[in-house]
Amino acid sequence: MRPHLDTPAGTDAGGSTGLFRLHPDGTASRGSRTYGLVVLAGVILFLLVALVFSPADTGSENQMGDMVRIMYVHVPVAVACYVAFLVTAITSIAYLWKRTEGWDVLAVASAEIGVVFTFLTLATGSIWGHIAWGTWWEWDARLTSTLVLFIMYLGYLALRGAILDPVVRAKRAAILGVVAFVNVPIVHYSVTWWRGLHQDATVSKVDPSIDGLKLFALMFGMVLAVALYGWLMIHRFRLHYAAARLEASGLDRALAERRAEARPDAVTADAASTDAVPTDAVTTEGTLS
Amino acid sequence: MAEHPGPRPGSLGALLADARLVAAKDLRLEWRSRVILSQVLPFAVLVLILFAFALDPDRRILGQATPGLYWLAVLFSTLLALQRSFTVEAENGVTDSLRMSGLDPGGVFLGKTAGIALHLVALQLVLLAGVTVFYGTTPHGPLLLLAAGATATLGLAAIGSILGVMAAGLKVRDSLLPLLMLPMVAPVLIGASQAFTAAYDRDPGAGWRWIAMLGVFGCLYTAIGIVAFEPLLEET
Amino acid sequence: MESVVRFRGAICLLGRFPALAGVDLDVSAGEIVLLQGPNGAGKTTVLRACAGLVPVVDGEAGVLGTDLRTDRRGVRGRVGLLGHASGLYEDLTVADNVRFWARAARARRSDADAAMARLGLDGRLADVAVNRLSAGQKKRTSLAVLVARRPRLWLLDEPHAALDRDGRDLVDALMGEAVAAGATVLFASHELDRAEAVATRTVNLAGGTALATGDTAAIDRDGSGDATTAGTDDVGATRGSGSAGPRAAGPGGGREATVG
C-alpha cells in the first residue's frame, strides 16, 4: 500500500534494480561498474585522439593552434546537455501519464546532469572565444540560446526546491519540464534570426569540410558524452530514488503512530510531532475538547 | 437542487462562458481595488524614467533603444501584474473555492489570461505615450506595432498565467516567478523588440516574420495552458 | 436508506503525514451527522475528502455514488464545503462574491439573491467589500455562497465559529431547512451543546480514525467512564460496537474500531 512508488523498471524490496544489483554501500553495481570502466576506456582513447593524434589548427583564419581541441569537448557536451533535457521532457510526460514516482526521479536526475553539462558547454565556449578573439563572450546564436537554456533549467531546479510535498512537486515540475523544453526550439530560432546577420566564426559552427580524424574525433566525442551522461544518470537516479523510498518507508510507522493518538493512554510525544497537523490528543485523555 | 442553466459542462461553450466569467471577475476586482492603475502603471512609467537615468541622457541613445526599453518596461510590469493576479487566487482559501466551483480549469486559465492581457494593453498604451514623450521618438508603422503588441501580449499573458499558477502559494513566489518567466519569454522580448525596431525604422518588411514567431508562441502557450491548468490547480 | 457517504478504512495523506489512518464512516440521506474529536483528529480532512479535495489513497470512499478514489473531481459539483478560510475575494463586495460563485456553479441569479436575503446580506451589506466585514459577516457570506449552490451534501467545518448567537441559530435553521429539502449535512463543531441538539448522530474521531458511531445520547457526558454502544444505529455496517469512545478501558479499545 504505497502510492506512486513503483518504478518503471520494477524493483523489489531488496534493492536490485532490473539488471543491476546494487552494491550495499552505494549506488554502484556490478553492471554499472562494468559500464563505467568501458566509458573510462573510451575517454582515455578519446583523449589520445583529440589531444595527440588529431591535427592542430593551422590553416584557418583563427590560427587557434592546439586550442582548437576545445571543440572536441564543447560540441559533445553540448549534445549531451540537449539529450539530458530531452530526457527530462520525455520522463516528465511519462510521469504526468503514469503518475509513478520513478519517472519523476528520472526527470530530476536528468535535469541536474543537464545543468552541469550546460555549464560546461558555456564555459568551453567562453574559453574558446577568449582564445580566438580575446573576448569572454560573444552573442552568437548557439551560445546565447544555450545560456537561456541554462537559466530555464536552473529555474526548474529552483521550483523543485521550493515545493515540499513530493506529489505536488513532481506534478508541477513535470509540467514545467515540458513547458521549458517546448520553448527550446522557439528560443533557438528567435536567437538565430536575431543574430543572423552576425555570422562570426564560432566554436559552434562546425566546419562542414572537416573530415577524417577530426570528424571521427567529434563523433566519438558525442557518443562518449552521451555514454557519460548515462553513467551519471544511473548513479544520480539511484541516489534520488533511494532517498525517496526512505522517506516513503516511514508510512507504516506513521500510520501506527497516528492511530495511537486515539488511545487514551498513548503518551508518545512523537505522535504529536509530525509535519502538518498539530495534535493535543495525547494530553486530552478522554475529554472531548 | 440547483438547476444548470447555460452551456453543457465540458463543451467549448462552457469553456468560453467560464473564461468570460473569470475575466469579468478580474476586471471587476481591478475596478474595485485599482492596484494596476495606482501601482503597476506608475511603476511602468518609472522604469522608463530609470532607463533615462541609467543611460546617457543623450536622447539619441534612448531613441535608438526605444523598442527594447519599451518591451523591458512591459516585461517588468507584467511580472507585477501577474503577482497581483495570482495572489488573489491563493489567499483566503479561494483556490479551494475554485476547485469546488465547477469552473472548467481551462476556462479559468483563459479568463485569467484574458484579464492580464487586457491590463497589459492598457499599460502598453500608456507606455507608448511614455516613450514618445520621454525618448522623443515618434511611432511609425501602426499596423506592425499593433500586431506585435497583440501577439506579444497574448504570449506574455499565457505563459505568465501558467507560471503564475505554478508558483502560486509558494513562499518564495516573488523571486521564483521572475526566474521562471524571464528566460522563457526571451523570444518574446527579442521578437517584439525587433518588430518594433522595424516599425520605427520604417522598414516594416523585416518585422513580419517576427509577428509570425510571436503568434506561434502565443497560440502554443495558450493551448498548453488550457490543458495544463487542471493539474496545476489541484493540490496546493 | 440511500448512502450519501461511505468510507471503509479510508487513508488520506497530507504530504507524507497520514491525516486519516483508516476511517470508517456511513452517512445516509437526510441525516445531520456531527463529527467531533480533539484538535488534529482529522475532522477537517474527512470533510475535505468528502469534498474531493484530498485524495484517498487506500480503502474505500464513496460520496453520493461517486468513487472518490477514481473520480474525486466529479463529486464537487454536488457538495458544498464551508471551510475555515472564507473562500472569498477580499476586494470584491458581498454581492460580487455570491453572484460570481453562484454563477460559477451554474446556479441561477435568483438563487444567489435569495441566499443573500436568507443570510441577512441583502441590505446595506451587499455592496460592502469583504475586507471590510467582520469575521461573522464573512462567515455569513461564505454560507450564502454555499446555500446558493443548493448542494446535496453540506460539509461544514466549524460553522458556528465566529458567529454571534443569532448567527448560530441561523446556521442550525439552515441545516434543518437543507435536510427538509432533501440534502444531507455532515459537520464538525466544538460547540457541543448546540451541535448535539441539532445533530441526528455523532461520530467521534481521534488519531485519524473513527472510534464509534452512535446516537448523540450515547456519548459519555457525565464522566462515569461508560458510554452506551452503537447498537441503536440504524445504518448497517457500524464498526466499533463494543468499544465506545475515548474512555474505553484497555489499550486496545480505541483501535478496535479501525481497520488495521
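All values reported here derive from a predicted model rather than from experimental measurement.

Colleague: Even after reading the chapter, I still don't get the overall build of chain B, so can you show me in this structure?
Modeller: Along the backbone of chain B there are 9 helices and 0 strands. Beginning at the N terminus, the succession of helices and strands in chain B can be written as α-α-α-α-α-α-α-α-α. Here the C-alpha radius of gyration of chain B, 19 Å, is about what a compact globule of 236 residues would show, namely 18 Å. Counting only C-alpha atoms, chain B reaches 70 × 35 × 30 Å along its principal axes. In chain B, which comprises 236 residues, the proportion classed as buried is 52%.

Colleague: It is not clear to me how the environment of Leu106 of chain A should be interpreted in this structure. Could you clarify?
Modeller: All names here are of chain A. Tracing the backbone shows Leu106 in helix H3 (residues 101-133). In sequence terms Leu106 and Phe237 are 131 residues apart; their C-alpha atoms lie 5.9 Å from each other. Leu106 has contacts with Thr91 and Phe237, leaving out every residue within four places of it along the chain.

Colleague: Is there a simple way to think about the sheet that holds strand S5 (residues 66-67) of chain C in this case?
Modeller: Remark on secondary structure: sheet strands pair via backbone hydrogen bonds, oriented parallel or antiparallel. Residue and element names in this part refer to chain C. Ordered by their spatial adjacency, 4 strands build an open sheet running S2-S1-S4-S5, and the pairing between neighbours is antiparallel. The open sheet has two edge strands with one neighbour each: strand S2 (17-28) and S5. Note that strand S1 (residues 3-14) and S2 share 9 bridges and pair antiparallel. Within S2, the residue paired with Val5 across the bridge is Val27. Sitting on the sheet, helix H1 (residues 43-50) touches S1, S2 and strand S4 (56-63), and the angle it makes with S2 is about 65°.

Colleague: What am I meant to see in the interface of chain C and chain B here?
Modeller: Where interface size is given, it is often the accessible area lost as the parts come together that is meant. At the junction of the two partners, chain C supplies 28 residues and chain B supplies 24 residues. In terms of residues, the side of chain C that touches chain B owes the most to one element, helix H2 (residues 94-104) of chain C, which gives 5 residues. Of the residues assigned to the side of chain C that touches chain B, the class counts are 13 nonpolar, 4 polar and 11 charged.

Colleague: How do you make sense of the confidence of the model for chain C when you look at a structure like this?
Modeller: Any segment with low pLDDT has predicted coordinates that should not be analysed in fine detail. For chain C, mean pLDDT is 82; residues scoring 70 or higher make up 81% of the total. Here the complex is predicted with pTM 0.84, and the ipTM for its interfaces comes to 0.91.

Colleague: Please clarify how the packing of helix H2 (residues 70-98) of chain A against helix H5 (residues 166-194) of chain A should be interpreted in this entry.
Modeller: When two helices pack together, you describe them by how their axes are tilted relative to each other and by the distance separating the axes. Residues and elements named next belong to chain A. Running from amino to carboxyl end, H2 crosses H5 at an angle of 135°, the nearest separation of the two axes being 8 Å. In terms of orientation, H2 lies oblique with respect to H5. Judged by the twist between their axes, the crossing of H2 over H5 is left-handed. Seen from H2, the contacting residues are Phe85, Leu86, Thr88, Ala89, Ser92, Ile93, Tyr95 and Leu96; seen from H5, they are Ala170, Ala174, Gly177, Val178, Phe181 and Val184. For the contact of H2 with H5, the per-class residue count stands at 11 nonpolar, 3 polar and no charged.

Calculation criteria
- Residues numbered from 1 in each chain as written.
- Chains lettered and ligands numbered in written order.
- Predicted model: local features only at pLDDT ≥ 70, side-chain atom pairs only at ≥ 80, totals over all residues.
- Helix = DSSP H or I, 4+ residues; strand = E, 2+ residues; numbered from the N terminus.
- Rg over C-alpha atoms; globule rule 2.2 N^0.38 Å.
- Buried ≥ 20, exposed ≤ 12 C-beta atoms within 10 Å, placed from the backbone.
- Contact = placed C-beta atoms within 7 Å.
- Pairing = 2+ DSSP bridges.
- Axes fitted to C-alpha atoms, helices over the stretch in contact; angles between N-to-C directions.
- Nonpolar A, V, L, I, M, F, W, Y, C, P; charged D, E, K, R; others polar.
- pLDDT = per-residue confidence, 0-100.
- Parallel < 35°, antiparallel > 145°, perpendicular 65-115°, else oblique.
- Left-handed = near helix turned anticlockwise from the far one by under 90°.

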